[in-house]
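# Summary of the model geometry
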Amino acid sequence: MATLTEQFMQALRTTEDSRDPTPLVELFAEDSTLRNLTTQEWSGKDGARDFWTRYLENFDTIHSEFFHHSDDGSTGLMEWEATGQLAGGHDIAYRGSSVIEHDGQKVQAFRTYYDSAAFVKPAVEGSEQS
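Source: prediction; values computed, not measured. (Residues numbered from 1 in each chain as written. Predicted model: local features only at pLDDT ≥ 70, side-chain atom pairs only at ≥ 80, totals over all residues. Heavy atoms only, no water.)

## Some remarks on the nonpolar core
Just so we agree on the cut-off: As used in this record, nonpolar core signifies buried Ala, Val, Leu, Ile, Met, Phe, Trp, Tyr and Cys residues forming a set joined through side-chain atoms within 4.5 Å. Residue burial is assigned from relative accessible area. The probe radius is 1.4 Å, only protein chains are included, and a residue is buried under 20% of its type maximum, exposed over 50%, and partly exposed in between. For helices the rule is a DSSP run of H or I covering at least 4 residues; for strands it is a run of E covering at least 2, with both sets numbered from the N terminus onward. For this analysis, residues touch if any pair of their heavy atoms sits within 4.5 Å.
Ranked by internal contacts, the top residues of the largest apolar core, which has 28 residues, are Phe8, Trp52 and Phe110. Listing elements by their share of this core, those giving two or more residues are helix H1 (4-18), helix H2 (22-25), strand E1 (28-35), helix H3 (44-57), strand E3 (59-71), strand E4 (75-86), strand E5 (91-102) and strand E6 (107-114). Once residues within four sequence positions are removed from consideration, phenylalanine 110 is found in contact with Phe8, Phe28, Thr33, Leu34, Arg35, Phe51, Trp52, Ser98, Val99 and Ile100.

Below, the structure is given as structure tokens:
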């Protein structure tokens, strides 16, 4: 049987393809917490839905590839690279790691760390002053 980390990775792929956060939200416990590089914290299934909806809204398309994962029965680690297009059409590729704490059935906590510089739009070429 797949670990919860493997279920999470599959649910993320399904969510990215369908643009529907439901497969991921279903994995979260009612008292779960979610964090990214911002100072905001989301909680519960409603928070998970908001978190993943906001994630999808950043992109026209996005696809995550996992190149390493592990799960010890209570903590899962995923290392990944995501590629796609930001909302508005700019290409993006960035790497990161995500951690889940779980009870084997539901995600209790989710934290993700990634290269936020990839989201900064480069200066328009030719706009430098002489």
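Moving on from the coordinates now.
## Things to note about the packing of aromatic side chains
Note the threshold: The criterion for an aromatic pair is that two Phe, Tyr or Trp rings (for Trp, the six-membered ring) have centres within 6.5 Å, with stacked assigned to planes under 30 degrees apart, edge-to-face to planes over 60 apart and tilted to the rest.
With the rule as written, the count across this model stands at 16 aromatic pairs. Pairing tyrosine 55 with phenylalanine 59 gives two aromatic rings, centres 5.3 Å apart and planes at 65 degrees, and the pair type is edge-to-face. As far as the burial class goes, tyrosine 55 and phenylalanine 59 line up, both buried. For the ring pair tryptophan 80 and tyrosine 94, a centre distance of 5.3 Å and an interplane angle of 85 degrees mean the geometry is edge-to-face. Separated by 14 residues along the polypeptide, tryptophan 80 in strand E4 and tyrosine 94 in strand E5 bring together distant segments of the chain. Connected via pairs of aromatic rings, a cluster forms that spans Phe8, Phe28, Trp42, Phe51, Trp52, Tyr55, Phe59, Trp80, Tyr94, Phe110, Tyr114 and Phe119.

## Observations regarding the packing of H1 against H3
Counted only if it meets this: Here an angle of 0 to 180 degrees is reported between the N-to-C directions of two axes, which are lines fitted to C-alpha atoms, with helices fitted over the stretch in contact. In this scheme, roughly parallel covers angles under 35 degrees and roughly antiparallel covers those over 145, while 65 to 115 is roughly perpendicular and the rest are oblique. If you view the pair so one helix is near and one far, a crossing is left-handed when the near helix is turned anticlockwise from the far one by less than a right angle, and right-handed when it is turned clockwise. Residues are sorted three ways: Asp, Glu, Lys and Arg are charged, Ala, Val, Leu, Ile, Met, Phe, Trp, Tyr, Cys and Pro are nonpolar, and all the rest, Gly among them, are polar.
Where H1 contacts H3, the two axes come as close as 11 Å, and the packing angle between them is 50 degrees. With respect to each other, H1 and H3 are oriented oblique. Crossing handedness for the pair H1 and H3: right-handed. Across from Phe8, Leu12, Thr15 and Glu16 in H1, the residues of H3 making contact are Trp52, Tyr55 and Leu56. Across the contact of H1 with H3, the residue classes break down as 5 nonpolar, 1 polar and 1 charged.

Worth remembering: the numbers are spatial, not functional.
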